[in-house]
Amino acid sequence: MASTEALSGGPAGALPRVRVPAWTLVLPPVAALGLVFLHPLALVLWQSVSPESGGHGFSAYADVFAQAAFRDALLNTVLIAAGSTAGSLVLGFALALVIAFVPFPGGKAVGRFIDVFLSFPSFLITLALLFVYGSAGMANGMWTGVTGAATGPFDFLHTPWGVLLAEITYFTPFVMRPLLGAFSQLETAQLDVAASLGAGAPRIIRQVILPEALPALAAGGSLVLVMCLNEFGIVLFTGAKGVTTLPVLVYGKAILDGDYTGACVVAVVNIALSLALYGLYRMLTTRMDGVRRARA
């Protein structure tokens, strides 16, 4: 028995330990990431500096930047994303307050429904709005049925306001989810003490709840802003006339015009915007964490 243990380096039947270098464990996920994401991204970057006329350079960037369609798409993308994010933050904060702090029947079911809502595709929400507010939707049908008019008064879904409404409707739960998580960790004793000292609901929200919710608002708002910058389905399904965003412009140049180099240039600009916003989000969250630790 003793000789067997000595030969095997341990108890009888035990296999010797084999040390695997840590870098070998990193190779499979890095290879998968490179194949699925980095390689296509590199192809897009290479195509953007490889004009169809031959050679390599940034002439395609100059051509695209000089187009009024690109400038309009960039402006529409920024304005719609900023408006949708602001609307989602305001509406999401108000709804999360009600669900978290106002007891009502079915409150837990509503909270669980938010998790289910996050899995819905964006075009499904747009189709639902079309069924309600479209030219042949329920709201216009009820209006024409009651008044006898030829058309209804609701005709805004094919405008930038319709895109804003659809994006706010779809992205608000992405703000509510982190807020509900933050509110669940808030000690109710703080609210009770503030109320006992004579603070009203607006002051409690402003001085007690809002400071605790700022990191969740920053996380949800940054996520919504990046997703709005890259949203394609909502703009396409609303059919908004004259509302061209960067993702829609990429589709138009690549599929409709066959200008793959121009489409890659617009895609690179869109990626750069998303990365810049992500960097800004990381900087803000780092500073907010530093301030909270200093206060603690």
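All values reported here derive from a predicted model rather than from experimental measurement.

This part covers the overall build of the chain. A tally of helices and strands in the chain yields 13 helices and zero strands. Sequence-ordered secondary structure for the chain, helices as α and strands as β, is α-α-α-α-α-α-α-α-α-α-α-α-α. Its C-alpha radius of gyration of 27 Å places the chain more than 25% over the 19 Å reference for a compact globule of 296 residues. For the chain, the C-alpha atoms occupy an extent of roughly 100 × 75 × 40 Å along the three principal directions. Within the span of the chain, comprising 296 residues, buried residues form 32% of the whole. Considering only intrachain contacts with a sequence separation of at least 6, the fraction spanning at least 24 residues in the chain is 69%. With an accessible surface of roughly 17,900 Å², the chain has 70% of that area assigned to carbon and sulfur atoms. Once the 15 positive and 14 negative side-chain charges of the chain are each reduced to a mean point, those two points are 12 Å apart.

Relative to the assigned elements, Ala 68 resides in helix H4 (residues 68-101). The exposure class of Ala 68 is partly exposed, given its relative accessible area of 42%. Sequence-wise, Ala 68 and Ser 50 are 18 residues apart; in three dimensions their C-alpha atoms are separated by 22 Å.

Bringing the side chain of Thr 85 into the picture now. Positionally, Thr 85 belongs in helix H4. Assessed through its relative accessible area of 9%, Thr 85 is described here as buried. Discounting residues that sit within four places of it in the chain, Thr 85 has contacts with Gly 221, Val 224, Leu 225 and Cys 228.

With that settled, consider helix H8 (residues 160-184). Compared with an ideal rise of 1.5 Å per residue, which puts 25 residues at 36 Å, H8 spans 36 Å between its outermost C-alpha atoms and is within 8% of the ideal. In H8, a bend of some 35° at Phe 171 exceeds every other bend along the element, and Pro 173, a proline, comes one to four places later.

Let us now look at the pattern of salt bridges. One pass over the structure, following the stated rule, counts one salt bridge. Here Lys 253 ties to Asp 259 by a salt bridge, and the two come within 3.9 Å at their closest N and O atoms. Taking the relative accessible area as the measure of exposure, Lys 253 reaches 7% and is therefore buried. Classification of Asp 259 as partly exposed rests on a relative accessible area of 26%.

With that settled, consider the packing of H4 against H8. Axis separation between H4 and H8 bottoms out at 6 Å; the angle between their running directions is 45°. Here H8 runs oblique to H4, going by the angle between their axes. The hand of the H4/H8 crossing is right-handed. When grouped by side-chain class, the residues that make up the contact of H4 with H8 number 19 nonpolar, six polar and one charged.

Rules used in this analysis
- Residues numbered from 1 in each chain as written.
- Predicted model: local features only at pLDDT ≥ 70, side-chain atom pairs only at ≥ 80, totals over all residues.
- Heavy atoms only, no water.
- Helix = DSSP H or I, 4+ residues; strand = E, 2+ residues; numbered from the N terminus.
- Rg over C-alpha atoms; globule rule 2.2 N^0.38 Å.
- Buried < 20%, exposed > 50% of the residue type's maximum accessible area, 1.4 Å probe, protein only.
- Contact = heavy atoms within 4.5 Å.
- Areas by Shrake-Rupley, 256 points an atom, 1.4 Å probe, with all protein chains shown as cover.
- Lys, Arg positive; Asp, Glu negative; His and termini not counted.
- Charge placed at Lys NZ, Arg CZ, Asp CG, Glu CD.
- Expected span 1.5 Å × (residues − 1).
- Bend = angle between axes of the 7 residues up to and from the residue.
- Salt bridge = Lys/Arg side-chain N within 4 Å of Asp/Glu carboxyl O.
- Axes fitted to C-alpha atoms, helices over the stretch in contact; angles between N-to-C directions.
- Parallel < 35°, antiparallel > 145°, perpendicular 65-115°, else oblique.
- Left-handed = near helix turned anticlockwise from the far one by under 90°.
- Nonpolar A, V, L, I, M, F, W, Y, C, P; charged D, E, K, R; others polar.

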